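Each chain, letter by letter, is given below.
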Amino acid sequence: SRRGVGSAGAGLDGGSVMSGSDAVESGEAVRECRDEGVAGDPRAGGIRDVALVAVAAMVIVGTGFTAAVAMLTSVVSLSLVAPAMSRRITRWFGEAFFSLAPFLLQRWSRMRLRVYARGDLNPDGKYLVISNHQGNLDWMIGLSAAHAMGSPMPGSVKAVIKRSLLFVPMFGWIFWALEFMFVQRSWTRDRSMLHRGGERLRTYPRPLWVALWPEGTRQTRTKLHESQAFCRERGHPVLHNLLFPRLKAFRALLRALRNSVDAVLDTTVIFEPGANTSLGTVLSTRAAGTISVLLEPHAIRDVLSDLNDQPDSHTHEPEDAWLIDTWVKKDAMLARFKENPSAVLSEYTLMEELRPEVTPSYSKLYVLGALSAMLWCWMLRFFHRHPQVLLAFSVVSLALAVLFGIVFATSIRMPRRKAA
């Protein structure tokens with residue numbers, strides 16, 4: 001048995017089951033959050049949510065803008081003459097900015113993230129990371145798990161993401177500077193892009209995580225039923241807790257990276273039942289509960305032991321068979337986890353116990369915050385000489401922050417208090 005477990009419909013239902021002291025502690029956190037949010041004037045709670053989300057948004061934008069400017073400057077000025085130095089600079093700012101994810105998840109909000117590992121997990125390793133796709137917190141959880149590996153993580157995290165994100169101001173700049181791979185859902189173009197991206201990362205220094213979500217989309221009941229119908233039609237094993245993985249992207253990326261990574265890191269994200277988790281609840285500090293991340297590396301030689309050069313259209317490639325087998329075992333492990341969660345978790349070791357020498361730090365995030373404050377102060381001094389520009393900039397910034405707060409605050413679904 002070599003599996004972690006996925007969560008059945010976690011993006012919709014809240015996920016699977018935890019046990020023991022974890023469930024007690026996180027249950028108390030949920031009750032505290034619920035009581036705080038339900039009691040009193042609901043209008044005051046709404047104003048509070050908008051204010052906190054707006055503050056978090058301003059911190060994200062403020063630090064992100066500074067990181068983006070530094071990264072773009074480094075790539076444009078140094079990538080051709082000193083590529084190694086350019087990568088060191090972008091990785092430093094990537095680590096500083098991406099450390100904001102675990103900070104918001106675990107310090108700004110009430111979430112508890114517990115990273116478990118099994119096997120020979122090397123914090124300095126190069127991995128192709130595959131994970132079940134839960135919801136809109138996946139990126140934050142993935143960066144938090146990488147942060148647990150210690151510096152320079154999560155600055156060395158890459159991911160395969162939708163090309164539309166490249167055009168999102170600031171975030172798209174950061175993803176481009178950090179050498180993310182952008183897919184368009186057109187296999188002819190995507191296969192070429194994945195190959196070029198894999199070749200480019202051959203010279204990337206250790207450590208390195210290249211993240212891929214083989215399911216391709218977040219799980220819902222409707223998507224799960226559609227996936228099951230697809231499996232029956234094509235003769236694949238029917239999964240009850242996970243979506244059937246998309247094989248082509250994994251196969252193409254693994255072939256491009258086979259000489260660049262040490263192993264495939266099988267990752268599973270599990271939400272406890274009743275965990276109040278969404279991006280809105282995290283940014284408004286109302287998120288509560290426990291998230292477990294299970295990590296298990298598989299040596300690249302085990303995955304590619306029978307690799308041949310047959311065309312990608314072949315349906316029984318070794319990579320395909322390995323991924324299907326991995327997802328089937330993950331699905332079966334989920335069923336066992338529902339019945340006996342403690343037995344599954346006992347097969348793994350907490351990261352802080354497995355690697356006590358690893359000490360995640362937020363020091364670079366604090367330095368980035370100080371640099372951002374200085375940059376924005378300089379910008380305000382510049383705008384002070386041009387009051388019309390300052391007024392327009394202030395109005396637009398405030399409007400965006402408030403809009404961001406309203407959108408995510410209204411998406412918060414708090415557990416209802418049971419009637420006495």
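Enquirer: Describe the overall build of the protein chain, and please don't skip the residues or the numbers.
Expert: A count of helical and extended segments in the protein chain gives 17 helices and eight strands. Burial statistics for the protein chain: of 420 residues in total, 50% are counted as buried. Carbon and sulfur atoms form 60% of the exposed surface of the protein chain, whose accessible area is close to 19,600 Å².

Enquirer: Can you break down the environment of Ile60 residue by residue, with the values?
Expert: Residue placement: Ile60 occurs in helix α3 (residues 42–78). We classify Ile60 as buried; its relative accessible area is 13%. Residues Ile60 and Leu100 lie 40 residues apart in sequence; the distance between their C-alpha atoms is 7.7 Å. Each residue touching Ile60, except ones within four places of it in the same chain, is listed here: Phe97, Leu100, Leu104, Met170, Phe171 and Leu283.

Enquirer: Please provide a residue-by-residue account of the pairing of strand β3 (residues 157–162), values included.
Expert: With five of six residues buried, β3 is to be regarded as a mostly interior element. With three bridges joining them, β3 and strand β5 (residues 208–212) adopt parallel strand pairing. Residue pairing for β5: Ala159 is matched across the bridge by Ala211. Inspection of the sheet shows β3 paired to strand β4 (residues 181–183) by three bridges, in the parallel sense.

Enquirer: Can you break down the confidence of the model for the protein chain residue by residue, with the values?
Expert: Mean pLDDT over the protein chain stands at 81; residues scoring 70 or higher make up 78%. Per-residue pLDDT stays below 50 along residues 1–44; that stretch engages in 126 contacts with residues further than four places along the chain or on separate chains. A low-confidence stretch, residues 306–314 stays under pLDDT 50, and its non-local contacts, those more than four residues away or across chains, total 18 contacts.

Enquirer: If you had to explain the side chain of Ser131 to someone new, which residues and values would you point to?
Expert: With respect to the helices, strands and loops of the structure, Ser131 is situated in strand β2 (residues 126–131). For Ser131, a relative accessible area of 7% corresponds to the buried category. Engagement of the side chain of Ser131 in a polar contact is seen with the side chain of Asn132, the distance being 3.4 Å.

Enquirer: Provide a residue-level description of unusual backbone geometry, including the pertinent values.
Expert: Most peptide bonds adopt trans geometry, and most residues besides glycine take a negative phi value. Looking along the chain, the bond that leaves Met153 and enters Pro154 is cis, with omega of 5 degrees. Relative to the assigned elements, Pro154 resides in the loop between α6 (138–147) and β3. One non-glycine residue, Glu179, lies in the positive phi region at around 70 degrees. Tracing the sequence through the fold places Glu179 in the loop between α7 (171–177) and β4.

Enquirer: Talk me through the pattern of salt bridges; I want residue IDs and the actual numbers.
Expert: On inspection of all chains with the given rule, the structure shows 17 salt bridges. Here Asp262 makes a salt bridge to Arg206, at a shortest N to O gap of 2.7 Å. Placement of Asp262 in the loop between α10 (247–257) and β6 (263–271) and of Arg206 in the loop between α8 (187–200) and β5 is noted, with a sequence separation of 56 residues between them. Its relative accessible area of 39% is what places Arg206 among the partly exposed residues. Each of the salt bridges in this network shares a partner with another, and the network as a whole consists of Arg118, Glu296, Arg336 and Glu347.

Enquirer: Describe α6, with residues and values.
Expert: With eight of 10 residues buried, α6 lies mostly within the body of the structure. Along α6, the residues that are buried comprise Asp138, Met140, Ile141, Leu143, Ser144, Ala145, Ala146 and His147.

Enquirer: Would you mind going over the packing of α10 against helix α13 (residues 318–339) in detail, with residue names and values included?
Expert: In the contact formed by α10 and α13, the axes pass within 9 Å of each other and the chain directions differ by 120 degrees. Judged by the inter-axis angle, α10 sits oblique to α13. Here α10 and α13 pass one another in a crossing that is right-handed. Facing α10, whose interface residues are Leu247, Phe250, Arg251, Leu254 and Arg255, α13 presents Glu319, Asp320, Trp322, Leu323 and Ile324. Looking at the contact of α10 with α13 residue by residue, the classes come out as six nonpolar, no polar and four charged.

Rules behind the numbers
- Residues numbered from 1 in each chain as written.
- Predicted model: local features only at pLDDT ≥ 70, side-chain atom pairs only at ≥ 80, totals over all residues.
- Heavy atoms only, no water.
- Helix = DSSP H or I, 4+ residues; strand = E, 2+ residues; numbered from the N terminus.
- Buried < 20%, exposed > 50% of the residue type's maximum accessible area, 1.4 Å probe, protein only.
- Areas by Shrake-Rupley, 256 points an atom, 1.4 Å probe, with all protein chains shown as cover.
- Contact = heavy atoms within 4.5 Å.
- Pairing = 2+ DSSP bridges.
- pLDDT = per-residue confidence, 0-100.
- Polar contact = N/O pair within 3.5 Å; in protein donor to acceptor, adjacent residues only side chain to side chain.
- Salt bridge = Lys/Arg side-chain N within 4 Å of Asp/Glu carboxyl O.
- Axes fitted to C-alpha atoms, helices over the stretch in contact; angles between N-to-C directions.
- Parallel < 35°, antiparallel > 145°, perpendicular 65-115°, else oblique.
- Left-handed = near helix turned anticlockwise from the far one by under 90°.
- Nonpolar A, V, L, I, M, F, W, Y, C, P; charged D, E, K, R; others polar.

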